[in-house]
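# Residue-level structure breakdown
Each chain, written out:
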Amino acid sequence: MQFMLLFSRQGKLRLQKWYVPLSDKEKKKITRELVQTVLARKPKMCSFLEWRDMKIVYKRYASLYFCCAIENQDNELITLEIIHRYVELLDKYFGSVCELDIIFNFEKAYFILDEFLLGGEAQETSKKNVLKAIEQADLLQENIDFQMRLFAGVMLPNMVSESSGLFQN
Amino acid sequence: MPAPIRLRELIRTIRTARTQAEEREMIQKECAAIRSSFREEDNTYRCRNVAKLLYMHMLGYPAHFGQLECLKLIASQKFTDKRIGYLGAMLLLDERQDVHLLMTNCIKNDLNHSTQYVQGLALCTLGCMGSSEMCRDLAGEVEKLLKTSNSYLRKKAALCAVHVIRKVPELMEMFLPATKNLLSEKNHGVLHTSVVLLTEMCERSPDMLSHFRKNEKLVPQLVRILKNLIMSGYSPEHDVSGISDPFLQVRILRLLRILGKSDDDSSEAMNDILAQVATNTETSKNVGNAILYETVLTIMDIKSESGLRVLAINILGRFLLNNDKNIRYVALTSLLKTVQTDHNAVQRHRSTIVDCLKDLDVSIKRRAMELSFALVNGNNIRGMMKELLYFLDSCDPEFKADCASGVFLAAEKYAPSKRWHIDTIMRVLTTAGSYVRDDSVPNLIQLITNSVEMHAYTVQRLYKALLDDISQQPLVQVASWCIGEYGDLLVSGQCEEEEPIQVTEDEVLDVLEGLLVSNLSTPVTRGYSLTAIMKLSTRFSGVNRIKKVVSIYGSSIDVELQQRAVEYNALFKKYDHMRPALLERMPIMEKTATNGPTEIVQTNGETEPSVVEPKHLPPVTQPANQANDLLDLLGGNDVVPVIQTTMPTKPASAGGELLDLLGDLSLSGGPATAPASSVPTSQPSFLLDGLSSQPLFNDIAAAAIPPMTAYNKNGLKIDFTFERANPNPNVAVITIHASNSTEADMTEFVFQAAVPKTFQLQLLSPSSNVVPALNQGTVTQVIRVLNPQKLRMRIKLTYTLKGSPVQDLAEVNNFPAQSWQ
């Protein structure tokens with residue numbers, strides 16, 4: 001996979017993951033043009049298109065478009081399954097995920113994606129394992145202060161660290 | 001300083017902005033706050049600030065001032081910091097910035113961290129955006145992690161290794177030992193990523209590929225794993241709609257494809273499992289079809305037995321009938337790949353494919369069109385063409401050009417009859433006339449010229465088309481050319497193929513003049529129609545009208561038209577006796593390669609038996625931008641009076657007149673304008689050299705032909721040197737060397753030559769037209785002569801010496817005997 005873009009029906013970018021090195025300007029250009037192209041497609045059309053020299057696979061889930069650019073040797077149908085798996089993971093994590101969840105927790109969406117794909121390929125095919133890893137990492141975020149101080153031999157009664165407030169509502 | 005606002009708070013605030021300007025204001029304010037916070041080197045809130053910056057970056061605002069802060073976060077001990085820091089690095093940094101190299105050390109430390117999630121972060125970042133330098137530095141760490149027993153890390157290390165190999169292919173070797181027992185893992189994540197790694201290695205290196213085939217016995221291992229996946233019962237962890245780990249299955253099939261390609265043993269070893277997958281996979285959901293798709297691709301690529309291939313094509317056939325358009329699309333794509341090798345099998349599905357032309361989806365239509373063209377053959381040409389022409393009528397503009405080209409190609413290859421061919425072309429021109437490629441106009445003209453018996457029919461149909469619609473330029477151009485050539489047939493009502501129409505000369509001229517004045521006509525089209533009108537002066541009886549039109553355009557603003565009109569006028573006034581000869585019918589044109597007019601030897605009319613009248617000089621009427629090579633040679637800028645390239649000598653008077661013609665008429669280009677493209681690139685240095693008479697075509701026979709002096713008078717000496725052209729030993733290449741022994745330069749030097757009818761002559765451009773005084777240099781020019789017999793030549797020289805023009809004629813008879821043997 002070369003990149004994955006998530007955008008709304010108005011063309012607002014919600015997530016962008018690039019697996020190929022491109023300049024910021026190029027990324028912006030590709031994003032702008034591709035978003036336009038995909039949004040212009042009618043609902044009954046097929047999920048695949050050739051754009052520039054890449055194969056594009058896209059699927060709409062509610063108000064969000066999930067759009068991937070894959071290499072010529074890649075299997076388009078399985079890419080649809082990869083997109084679906086990612087949506088399932090988000091759904092499980094957020095509980096009935098909607099676009100707002102991804103807007104307000106974009107960093108989490110990235111973390112989940114990074115546990116599922118690495119360098120453009122799937123690293124874990126078990127839904128359970130991906131979610132478990134995210135869960136553990138989240139816990140780690142809350143507790144690291146505690147663990148670090150534990151190693152240093154210092155016990156603190158109150159373990160709520162300041163940084164964890166970032167991710168609380 | 002108050003605590004910076006939280007991420008969520010910021011997001012909420014920004015979303016309340018009602019206009020772009022309002023949003024920009026908020027962002028700028030927040031950026032300023034963040035910047036001052038960064039300056040204070042505040043560790044506590046750095047994470048929060050960078051996260052906010054990332055959000056603003058996603059909205060499209062610049063965030064580069066956060067790059068170094070990301071690095072500080074990565075270096076921090078807090079996991080939260082690291083998480084955001086690495087995310088920031090992946091979003092804001094890339095290998096084009098030097099800053100990213102500073103990450104290398106941090107990543108190295110984190111790869112050895114005690115917490116696997118930190119190691120995971122490092123592996124992920126390296127695997128996504130590591131540059132070649134970083135990869136080189138850290139490959140060793142990745143390799144170590146590839147051997148760990150921790151499957152969480154092992155799978156990430158495998159994909160990281162894939163990235164390293166992509167960036168620095170030389171490092172592939174170092175990962176080889178670690179791959180030894182990757183496939184004996186139970187963990188699906190590790191299995192999947194290992195297969196990806198092995199695929200990458202096999203794709204990149206044929207050595208690796210054969211190593212894995214033979215030494216590692218990869219194929220049996222993969223077959224075993226695949227079998228287990230299919231046969232094993234329900235596994236909730238990896239199940240997708242009843243299929244066990246489709247991602248892994250697809251990957252394995254892909255690796256099998258690479259291993260089995262061009263290898264009999266491997267292909268045989270996987271035959272059974274492929275058949276099993278092909279027949280047992282559930283096809284009701286997309287997942288199953290994804291696996292079948294991959295299986296079909298594999299079957300087609302390896303050396304599978306024919307039964308298996310038929311199975312694969314049938315699967316594709318079923319896909320074509322599937323309701324899901326994605327599946328249909330994928331089927332068409334695969335069929336396109338296999339149509340060359342399994343043509344007959346694909347032909348069986350032809351009708352389904354043709355039906356797909358009517359699909360609403362653009363991608364499917366395009367695929368169906370490509371596939372349809374691939375399936376056209378001599379047997380189905382009529383039926384297929386009907387469908388394709390119907391498609392051409394109704395398709396989107398983006399398809400028309402490709403479809404038109406495809407139709408032309410197919411028609412050329414498989415046309416059942418000339419009439420059908422011309423009808424088909426006419427249909428394309430009338431429906432998609434503005435989309436046909438530029439070179440189709442000369443190709444068409446050539447086709448029409450060569451179908452001698454269809455001339456009357458063709459010109460009639462084209463005329464009728466013109467009456468309907470003059471907006472499609474290629475159609476109009478071909479039509480005007482034809483009317484110019486065959487207008488007499490049109491007016492005389494000689495058509496056999498269909499009901500002849502009654503057309504008067506005036507009506508025809510009306511139409512052509514209409515083209516000249518119409519807004520819809522491009523300059524090129526106008527050129528075509530003016531020339532056509534001129535040609536009709538020899539075919540029609542009413543010349544006065546034509547004379548009038550031509551003289552009007554003599555003052556046209558369009559330079560091209562003006563030039564033509566002026567020359568045609570000159571033809572009327574001074575050279576009326578030349579007109580019939582110049583404007584005669586075109587001979588049959590040879591289809592030539594698209595490069596190298598130098599390979600063309602001018603054909604004189606009488607050597608072509610199929611042409612009706614004997615020809616003397618083929619008229620040059622092609623406009624400047626035509627790709628037709630024959631006519632290109634005759635004049636890039638469309639000089640009507642023929643350039644001196646063919647000068648068959650007629651009985652003395654006519655011959656003399658010809659040479660007179662060339663002398664008196666101010667050719668808008670002299671020989672110097674014979675297209676530069678006709679000089680082969682190796683020539684210029686030789687010509688300008690003028691030093692050695694040794695030819696570039698090193699033919700031993702050439703050395704045997706001695707040079708000779710053709711002319712030596714009044715200080716001007718012309719020597720001829722000979723060689724035989726390598727490709728065609730019957731062509732003698734004569735190079736003239738003109739030298740000047742007088743005190744003054746001879747300027748505007750023009751060399752012209754004429755040969756008897758039985759020869760064919762071609763004159764290339766001279767090195768220059770100034771012969772320097774006192775033998776300081778020579779002007780060279782190349783003549784190519786097709787000469788089966790004793791050569792005779794008449795030459796004419798013109799130059800200006802000391803301000804006064806000089807002209808001379810001479811006969812050259814003293815060619816050495818070897819030059820024609």
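Below: a short report on this structure. Within each chain, residues carry numbers counting from 1 in the order of the written sequence. Labels are handed out in written order, letters beginning with A for the chains and numbers beginning with 1 for the ligands. In keeping with the predicted nature of the model, local features appear solely for residues at pLDDT of at least 70, side-chain atom pairs appear and are counted solely at 80 or more, and the whole-chain, interface and lining totals rest on all residues. To obtain the side-chain values, all non-hydrogen atoms of the structure were used and water was disregarded.

## Observations regarding the environment of Thr193 of chain B
Note on conventions: DSSP H or I runs of at least 4 residues are helices, E runs of at least 2 residues are strands, and numbering of each starts at the N terminus. Along the polypeptide, Thr193 of chain B turns up in helix 10 (residues 188-204). Sequence separation of Thr193 of chain B and Leu248 of chain B is 55 residues, and the distance between their C-alpha atoms is 8.9 Å. Ignoring anything within four residues of it in the chain, the contact list for Thr193 of chain B reads Ala122 and Gln123 of chain A together with Lys155, Ala158 and Leu159 of chain B. In this analysis, two residues are considered to be in contact whenever any of their non-hydrogen atoms come within 4.5 Å of each other.

## Points about the pairing of strand 1 (residues 3-8) of chain A
Residue and element names in this part refer to chain A. Strand 1 sits mainly inside the fold: 6 of its 6 residues count as buried. Relative accessibility thresholds used throughout: buried, under 20% of the residue-type maximum; exposed, over 50%; partly exposed, between the two (1.4 Å probe, protein chains only). With burial as the criterion, each face of strand 1 is covered, one bearing Phe3, Leu5 and Phe7 and the other bearing Met4, Leu6 and Ser8. The turn linking strand 1 back onto strand 2 (residues 13-18) is made up of 4 residues, and Gly11 within it adopts a positive phi angle of 90°. DSSP calls a pair of strands paired once it identifies at least 2 bridges connecting them. Across 6 bridges, strand 1 lies against strand 5 (residues 64-70) in antiparallel orientation. Bridging from a neighbouring strand, Met4 pairs with Cys68 of strand 5.

## Concerning helix 2 (residues 76-94) of chain A
Residues and elements named next belong to chain A. Multiply 1.5 Å by the residue count of a helix minus one, and that product is the helix's expected span. In a regular helix each residue adds 1.5 Å, so 19 residues correspond to 27 Å; helix 2 covers 27 Å between its end C-alpha atoms and thus fits that length. Counting buried positions over the 19 residues of helix 2 gives 14, a clear majority of the element. Looking at where helix 2 begins, the residue whose side-chain oxygen comes 2.9 Å from the main-chain nitrogen of Leu77 is Asn75. One or two residues past the end of helix 2 sits Gly95, with phi positive at roughly 75°. In the analysis that follows, any N or O atom pair within 3.5 Å is treated as a polar contact, provided that within protein one partner can donate a hydrogen and the other can accept it, and provided that, for residues neighboring in sequence, both atoms belong to side chains.

## Examining the interface of chain B and chain A
If you look at the interface, chain B gives 75 residues, while chain A gives 70 residues. Contact between chain B and chain A buries roughly 6,700 Å² in total, counting both sides, with carbon and sulfur atoms accounting for 56%. Values labelled buried area give the accessible surface lost by two parts on being combined, using a 1.4 Å probe and summing over both. Three residues stand out in chain B for area buried against chain A, namely Arg8, Met58 and Arg83 of chain B, and they jointly supply 13% of the buried area on that side. Definition used for salt bridges: Asp or Glu carboxyl oxygen within 4 Å of a side-chain nitrogen of Lys or Arg. Taking the shortest distance from any N to any O, the salt bridge between Glu50 of chain A and Arg367 of chain B comes out at 3.0 Å. Counting across the interface, chain B meets chain A through 25 residue pairs in polar contact (both at pLDDT 80 or more). When residues are sorted by character, Ala, Val, Leu, Ile, Met, Phe, Trp, Tyr, Cys and Pro go into the nonpolar class, Asp, Glu, Lys and Arg into the charged class, and all the rest, Gly among them, into the polar class. Along the lines of polarity and charge, the residues of the side of chain B that touches chain A split into 32 nonpolar, 17 polar and 26 charged.

## A short note on unusual backbone geometry
Residues and elements named next belong to chain A. Within the chain, Ala62 stands out as a residue other than glycine whose phi angle is a positive 55°. Within the secondary structure, Ala62 is located in the loop between strand 4 (54-61) and strand 5. The class for Ala62 is exposed, based on a relative accessible area of 63%. The phi angle at Ser96 is positive, at roughly 55°, despite the residue not being glycine. On the secondary structure map, Ser96 appears in the loop between helix 2 and helix 3 (99-104). A relative accessible area of 59% places Ser96 in the exposed class.

## What about the side chain of Thr531 of chain B?
Residue and element names in this part refer to chain B. When you line up the elements, Thr531 lands in helix 28 (residues 523-539). Relative accessible area serves as the criterion here: at 4%, Thr531 is assigned to the buried category. In this structure the side chain of Thr531 is engaged in a polar contact, spanning 2.9 Å, whose partner is the backbone oxygen of Gly527.

## What about the packing of helix 14 (residues 264-280) of chain B against helix 15 (residues 286-301) of chain B?
Residue and element names in this part refer to chain B. For the pair helix 14 and helix 15, the least separation of the axes is 9 Å and the interaxial angle reads 145°. Between helix 14 and helix 15 lies a crossing whose hand is left-handed. Facing Leu274, Val277 and Ala278 of helix 14, the residues of helix 15 in contact are Ile291, Leu292, Thr295, Thr298 and Ile299. Residues that form the contact of helix 14 with helix 15 fall into these classes: 6 nonpolar, 2 polar and no charged. The convention used is that axes are lines fitted to C-alpha atoms, helices contributing only their stretch in contact, and that angles between N-to-C directions extend from 0 to 180 degrees. Handedness of a helix crossing follows the sense of rotation of the near helix relative to the far helix, less than a right angle counterclockwise being left-handed and clockwise being right-handed.

## Concerning the sheet that holds strand 5 of chain A
Residue and element names in this part refer to chain A. Spatially, 2-1-5-4-3 is the arrangement adopted by the 5 strands of the open sheet, whose pairing is antiparallel. Whereas interior strands pair on both sides, the edge strands pair on one side only; in this sheet they are strand 2 and strand 3 (48-51). Geometrically, the sheet is characterised by an average inter-axis angle of 20° between neighbouring strands, direction not taken into account. Looking at chain direction, strand 4 and strand 5 are connected through 7 bridges and run antiparallel. Counted as the bridge partner of Arg60 is Tyr65 from strand 5. Taken strand by strand, helix 2 contacts strand 1, strand 2, strand 3, strand 4 and strand 5, and its axis lies near 40° from that of strand 4.

## As for the side chain of Arg83 of chain B
Its location among the elements puts Arg83 of chain B in helix 5 (residues 79-92). Look at Arg83 of chain B and you get buried, because its relative accessible area is 4%. Once residues lying within four places of it in the same chain are set aside, the contact partners of Arg83 of chain B are Phe111, Ile134, Ala137, Asp138 and Gln141 of chain A together with Leu121 of chain B.

## A short note on the pattern of salt bridges
Taken as a whole and assessed by the stated rule, the structure comprises 51 salt bridges over all chains. Across the salt bridge formed by Lys156 of chain B and Glu115 of chain A, the nearest N and O atoms sit 3.3 Å from each other. One end of the pair, Lys156 of chain B, is in helix 9 (residues 151-167); the other, Glu115 of chain A, is in helix 4 (residues 106-116), on a second chain. Among the salt bridges present, the one from Lys358 of chain B reaches Glu387 of chain B, with a minimum N-O distance of 3.8 Å. With Lys358 of chain B in the loop between helix 19 (350-355) and helix 20 (362-375) and Glu387 of chain B in helix 21 (residues 381-394), the pair connects residues that are 29 residues apart, well separated along the chain. Take Glu387 of chain B: its relative accessible area is 29%, and that puts it in the partly exposed class. Three or more residues joined by partner-sharing salt bridges are found here, namely Glu121 of chain A together with Arg166, Glu200, Arg204 and Arg251 of chain B.

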